[in-house]
2 protein chains.
Amino acid sequence: MTVAKQDVRPLAERARAASRVLANAPTPQKDEALRGMARHLRAAAPAILAASAEDGAAARKAGKNAAFLDRLLLDAPRLEAMARAVEALASLKDPVGEVTETWKRPNGLQVRKVRLPLGVVLMIYEARPNVTSDAAALCLKSGNAALLRGGSEAARTNAAIAHALTQALREAGLPEHALQLVPAGERESLLELLKLEGLIDLCIPRGGEGLIRFVVENARIPVVKHYQGVCHVYAHADADLEMATRITLNAKASRPGVCNAAECLLVDRAIAEHFLPEVGRALADQGVELRGCPTTVGVLTRAGVPVKPAAEDDYGREFLDLILAVRVVKDLDAALAHIGRYGSEHTEAIVTGDAQAASRFTREVQASAVLWNASTRFNDGGELGLGAEIGISTSRLHAFGPMGLRELTSQKYIVHGQGQVR
Amino acid sequence: MTVAKQDVRPLAERARAASRVLANAPTPQKDEALRGMARHLRAAAPAILAASAEDGAAARKAGKNAAFLDRLLLDAPRLEAMARAVEALASLKDPVGEVTETWKRPNGLQVRKVRLPLGVVLMIYEARPNVTSDAAALCLKSGNAALLRGGSEAARTNAAIAHALTQALREAGLPEHALQLVPAGERESLLELLKLEGLIDLCIPRGGEGLIRFVVENARIPVVKHYQGVCHVYAHADADLEMATRITLNAKASRPGVCNAAECLLVDRAIAEHFLPEVGRALADQGVELRGCPTTVGVLTRAGVPVKPAAEDDYGREFLDLILAVRVVKDLDAALAHIGRYGSEHTEAIVTGDAQAASRFTREVQASAVLWNASTRFNDGGELGLGAEIGISTSRLHAFGPMGLRELTSQKYIVHGQGQVR
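Residues numbered from 1 in each chain as written. Chains lettered and ligands numbered in written order. Predicted model: local features only at pLDDT ≥ 70, side-chain atom pairs only at ≥ 80, totals over all residues. Heavy atoms only, no water.

Our focus in this paragraph is the overall build of chain A. Across its full length, chain A holds 15 helices and 16 strands. Its C-alpha radius of gyration of 24 Å places chain A within 12% of the 22 Å reference for a compact globule of 422 residues. Along the first, second and third principal axes, the C-alpha set of chain A runs to 70 × 70 × 40 Å. In chain A, which comprises 422 residues, the proportion classed as buried is 59%. Within chain A, contacts between residues separated by at least 24 positions form 72% of all contacts whose residues are at least 6 apart in sequence. (Helix = DSSP H or I, 4+ residues; strand = E, 2+ residues; numbered from the N terminus. Rg over C-alpha atoms; globule rule 2.2 N^0.38 Å. Buried < 20%, exposed > 50% of the residue type's maximum accessible area, 1.4 Å probe, protein only. Contact = heavy atoms within 4.5 Å.)

Now the structure itself:
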């Protein structure tokens, strides 16, 4: 414990010092560093890919599965995509210094709200090396110093990436401690970091629920987290059935392993007889296993569509797989009640031609994104136009939904007077 | 521990259920409840003042000092002020449902950001019964259920106040569990509450540093906190000396016990010889004890103004008293360095006629409020025009500075499409 303490506190102190410089760094200097990061990532490709191959060999030896290796390994196109993502941030608007509001008080005081960086951001993630460059770039653009703790299985790759990125910081005249890797795999040092209130302003854990719970339970610093996405598509009585099928297919099957994929389809009783066979067949054709309520099972079985009965715990479950719970509901109120009970406040969608029903749904559903006639998959920083995201928050404090550059800032009051006193 | 667990979890569960109703309560219904709260506070005055007298007698018996009793005790004018503060919220704009931004994506998706309540707010405070009605009213207007845990010395008063407020909720047709008192004085039940992640969305501790540290160290739920205000006034080389004196006097002496009072005066070397005797005499006349750097001591002693030498730990210290540290600095850079080192990111002020110096100061100082030619005392929800505040945050996450109604909300994305998929 003592050893770990000596190890990570200086890291955080250097980050804090770097954050003071970054907070006032001019936009062109930060953008120059971002472009330099992309250049250095490309130039260091041989070293980075060699490190990735080494990490991959070790992971294979450790018996990691194909999905794990897929997230872990880099190849030339993936590295190029990382470089482009970093570069793209250079052309986004700098959130720091943005005046979000201004007003005048009766006593003549002029008040402005102005964005400033959060300070030091600690990112904790698993073996996905692209997060290293994404998070570093987002933090830099928003004026924050970054402490990055990736999964230990990606340690060689992350070190090679960070080495390239740091060179760009140095060349742009920015403090190289604006970006530091935290030793991976040491639980003691992570615990230590999570207690460094006053040195670290925000911790963002990204990964499995176990990791996130560990962080929440042990942190004394603020955490913005994302537990899980139990997202619903509700096909309302007035839904365009073709549109509802298209949206359900996309929400479930386009990428079942992500948090904005749908896990449950709610079907209004009024359209169940017509809609269920149509959507069921389309889903089955895409290899989706359906787990239905008794009504669903009856309708689909009569229509010759394969279906299993849903267990009670299939509702509210994040399958992250080609499995979909299906439930017939009496009406909008029943759909709202189901979502209130089983939803995870992540993403919820309604398909309907009825503007009043849509208005009630979007107003009453408490989730980070509520969609009307669009796929749940749009709850994503890029898709919503934030430019890029560092994660999706399911807690309402500070940020709810995708966290882009703005969500990596806070706001201060700047007040201009002519000698006013109270 | 088990007993406490059984006691407070149902409280939080009822608050959560109430919060779901409150989140969709129409503005007129909430405003009606607020006006009813004011009415019931007035009608219950005899009971509330009797309870206050009992609390006061017990506190006197327990040997509490005059300052404590002053915060604890209510009289008719104070109760009327509480009723008026609650009433005033009825005429403020409802933050819930406010569309803060809207934009269109290239694929035709229409995106809106819309305010929604945080959910359940746990307020922890000391023996100041006015916080009970203030916090209850702010939470109600912003659609949040409130769990209020005041100091045990005010338990009788708080119970009488909550009884009056709850009647108004019932009459307005709102869930009475929207406002619940938490048993005061039981540390076990507080610890239990602080771990109820998923049931409580935000904890706001208000009080001494010991209380706040206890909350931060034990909470698994998000905390927005305010540690202390070590606020500076910097009289720049181009300051109007009369204005600088007026602002310094107001910042230090108008109410020395509050967090936005100044604790340190920085004087530019260029004006030290003229300004220090002037401001020093004015401060001394108000009974302010000055603790100066060697230069300050020299100048003031020659001018016949009483001054003590400052100890190193007088910088960065929150006196909350008629004591002011005074330091002569070389220039703007030295002032910024001093504030960076000793400030608490609460409130900082510069007095200058030089717009460029002011611009650097307001940009570079990282504090929740930075003032140019105005007193630090203006960092206050009412003074800045937020209407009312539930506390002042010195952490940058979620809210930085005064927390008004808006800061008691989050924002969700509402997306309107025509069948778009990814």
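Quick look at the relation of the copies chain B and chain A now. Its rotation angle being 180°, the transformation that places chain B on chain A also includes 0.0 Å of axial translation and leaves an RMSD of 0.1 Å. With respect to symmetry, the two chain copies, as superposed, fit the operation of a two-fold axis. Nearest to the rotation axis, the C-alpha of B:His398 is located 1.9 Å from it, this being the minimum over chain B. Both copies present the same face, since 100% of the interface residues in chain B are matched by interface residues at the equivalent positions in chain A. (Least-squares fit on C-alpha atoms with pLDDT ≥ 70 in both.)

Scored by pLDDT, chain A comes out at a mean of 95, with 99% of its residues at no less than 70. When the criterion is pLDDT under 50, residues 1-6 of chain A qualifies, and its contacts beyond four places in sequence or with other chains add up to seven contacts. (pLDDT = per-residue confidence, 0-100.)

Here we come to the sheet that holds strand 4 (residues 145-149) of chain A. All names here are of chain A. Taken together, the four strands give an open sheet; going across it, the order is 5-4-3-6, and neighbouring strands pair in parallel fashion. Strand pairing shows two members of the sheet lacking a second neighbour, strand 5 (179-181) and strand 6 (202-206), which therefore form its edges. The average angle at which neighbouring strand axes cross in this sheet is 15°, direction not considered. In terms of strand pairing, strand 3 (residues 120-125) meets strand 4 through five bridges, oriented parallel. Bridging across to strand 4, Met123 finds its partner in Leu148. Docked against the sheet, helix 7 (residues 155-171) engages strand 3 and strand 5, running at close to 160° with respect to strand 5. (Pairing = 2+ DSSP bridges. Axes fitted to C-alpha atoms, helices over the stretch in contact; angles between N-to-C directions.)

Bringing the environment of A:Thr296 into the picture now. Following the sequence through the fold, A:Thr296 ends up in helix 12 (residues 294-302). The residues touching A:Thr296, leaving out its near neighbours within four places in the chain, are A:Leu276, A:Val326, A:Arg327 and A:Val328.

With that out of the way, let us pick up the domain arrangement of chain A. Taken domain by domain, chain A comprises domain 1 (2-224 + 403-416) and domain 2 (231-383). For domain 1 of chain A and domain 2 of chain A, the distance between their C-alpha centres works out to 36 Å. (Domains from an automatic or database assignment.)

Let us look at the sheet that holds strand 12 (residues 347-351) of chain A. Strand pairing in a sheet relies on backbone hydrogen bonds. The paired strands run either parallel or antiparallel. Overall, mixed pairing links the 10 strands, which are arranged 10(A)-9(A)-11(A)-8(A)-7(A)-12(A)-13(A)-16(B)-2(B)-1(B) in an open sheet. Bordering the open sheet on either side are strand 10 (308-309) of chain A together with strand 1 (99-104) of chain B, each of which pairs with just one other strand. The sheet contact formed by strand 12 of chain A and strand 13 (residues 369-374) of chain A spans four bridges and is parallel. Paired with A:Glu348 across the two strands is A:Val370, which belongs to strand 13 of chain A. Against the sheet, helix 11 (residues 272-285) of chain A engages strand 7 (231-235), strand 8 (262-268), strand 9 (289-292) and strand 11 (323-329) of chain A, with an angle of about 155° to strand 8 of chain A. Strand contacts of helix 14 (residues 355-364) of chain A: strand 7, strand 12 and strand 13 of chain A together with strand 16 (409-420) of chain B, with the helix running at about 160° to strand 13 of chain A, the strand carrying the most contacts.

To continue, consider the interface of chain B and chain A. The partner chain A presents 75 residues to the 75 residues of chain B that form the contact. Approximately 6200 Å² of surface area, both sides summed, lies buried where chain B meets chain A, with 50% of it carried by carbon and sulfur atoms. Considering only the surface of chain B that becomes buried against chain A, B:Leu397, B:Tyr413 and B:Arg422 emerge as the three largest contributors, covering 14% of it. Here chain B is connected to chain A by 10 salt bridges. Across the pair A:Lys113 and B:Glu407 runs a salt bridge, and its minimum N-O distance is 3.6 Å. (Buried area = accessible area lost by both parts, 1.4 Å probe. Salt bridge = Lys/Arg side-chain N within 4 Å of Asp/Glu carboxyl O.)

Residue and element names in this part refer to chain A. Applying the stated criterion across every chain yields a total of zero disulfides over all chains. Here Cys293 stays unpaired: no disulfide links it, and the sulfur of Cys264, its closest cysteine neighbor, is 9.1 Å away. Under the relative-accessibility criterion, Cys293 is labelled buried at 7%. (Disulfide = S-S within 2.5 Å.)

Let's shift gears to the nonpolar core. All names here are of chain A. Ranked by size, the top nonpolar core spans 79 residues in total, and within it Leu122, Leu147, Leu194, Ile200 and Ile390 carry the most contacts. If you tally residues by element for this core, the top one is helix 6 (residues 130-141), at seven residues. Every residue in contact with Leu147, bar those within four places of it in the chain, is listed here: Leu11, Ala12, Ala15, Val120, Val121, Leu122, Met123, Gln180, Val182, Leu193 and Ile200. (Core = buried A, V, L, I, M, F, W, Y, C linked by side-chain atoms within 4.5 Å.)

Our next topic: the packing of helix 11 of chain A against helix 12 of chain A. Residues and elements named next belong to chain A. At their nearest, the axes of helix 11 and helix 12 sit 9 Å apart, and the two run at 70° to each other. Judged on the interaxial angle alone, helix 12 and helix 11 are roughly perpendicular. Helix 11 and helix 12 meet at a crossing whose hand is right-handed. Between helix 11 and helix 12, the residues in contact are Ala272, Glu273, Leu276, Pro277 and Gly280 and Thr296, Val299, Leu300 and Arg302, respectively. Taken together, the residues of the contact of helix 11 with helix 12 break down into five nonpolar, two polar and two charged. (Parallel < 35°, antiparallel > 145°, perpendicular 65-115°, else oblique. Left-handed = near helix turned anticlockwise from the far one by under 90°. Nonpolar A, V, L, I, M, F, W, Y, C, P; charged D, E, K, R; others polar.)

Residues and elements named next belong to chain B. Taken together, the buried positions of helix 12 (residues 294-303) are occupied by Thr296, Val299 and Leu300. One side of helix 12 carries all its buried residues, which in axial view fall inside an arc of 90°. The exposed residues of helix 12 that point more than 90 degrees off its buried face are Pro294 and Arg302. Looking at the buried positions of helix 12, the neighbouring elements they touch are helix 11 (269-285), strand 9 (289-292) and strand 11 (323-329). (Arc of directions from axis to C-beta.)

Residues and elements named next belong to chain B. The buried count for strand 6 (residues 202-206) comes to four of five residues, which makes it a mostly enclosed element. Summarising the sheet, strand 3 (residues 120-125) and strand 6 pair through five bridges and their orientation is parallel. Its bridge partner being in strand 6, Tyr125 is matched across the sheet by Arg206.

What follows concerns the pattern of salt bridges. The full count for this structure, using the stated rule, is 68 salt bridges over all chains. Two residues, B:Glu197 and A:Arg213, come together in a salt bridge whose shortest N-O distance is 3.9 Å. Of this pair, B:Glu197 sits in the loop between helix 8 (187-193) and strand 6 while A:Arg213 is found in helix 9 (residues 209-218), placing the two residues in two different chains. Of the residues examined, B:Glu197 reaches a relative accessible area of 26% and is grouped as partly exposed. Across the salt bridge formed by B:Arg291 and B:Asp314, the nearest N and O atoms sit 3.0 Å from each other. Pair noted here: B:Arg291 is in strand 9 and B:Asp314 is in the loop between strand 10 (308-309) and strand 11, with a separation of 23 residues, a long-range link. Each of A:Glu289, A:Arg291, A:Lys308, A:Asp314 and A:Arg317 takes part in one network of salt bridges that share partners.

Okay, the packing of aromatic side chains next. A full pass over the atoms with the stated rule returns six aromatic pairs over all chains. Ring plane angle 85° and centroid distance 6.4 Å describe the contact between A:Trp103 and A:Tyr413, whose orientation is recorded as edge-to-face. A residue pair is termed long-range when its members are at least 10 positions apart, and A:Trp103 in strand 1 (residues 99-104) and A:Tyr413 in strand 16 (residues 409-420) qualify at 310 residues. Measuring from ring centre to ring centre gives 5.8 Å for A:Tyr315 and A:Tyr342, while their planes differ by 50°; the resulting arrangement is tilted. In this pair, A:Tyr315 sits in the loop between strand 10 and strand 11 while A:Tyr342 sits in helix 13 (residues 332-342), placing the two residues 27 residues apart along the sequence. In this pair, the class of A:Tyr315 matches that of A:Tyr342, namely buried. In this arrangement the basic side chain of B:Lys64 is found over the ring face of B:Phe68, its NZ or CZ atom lying 4.8 Å from the centre. (Phe/Tyr/Trp six-rings, centres within 6.5 Å; stacked < 30°, edge-to-face > 60°. Lys NZ or Arg CZ within 6 Å of the ring centre and 35° of its normal.)

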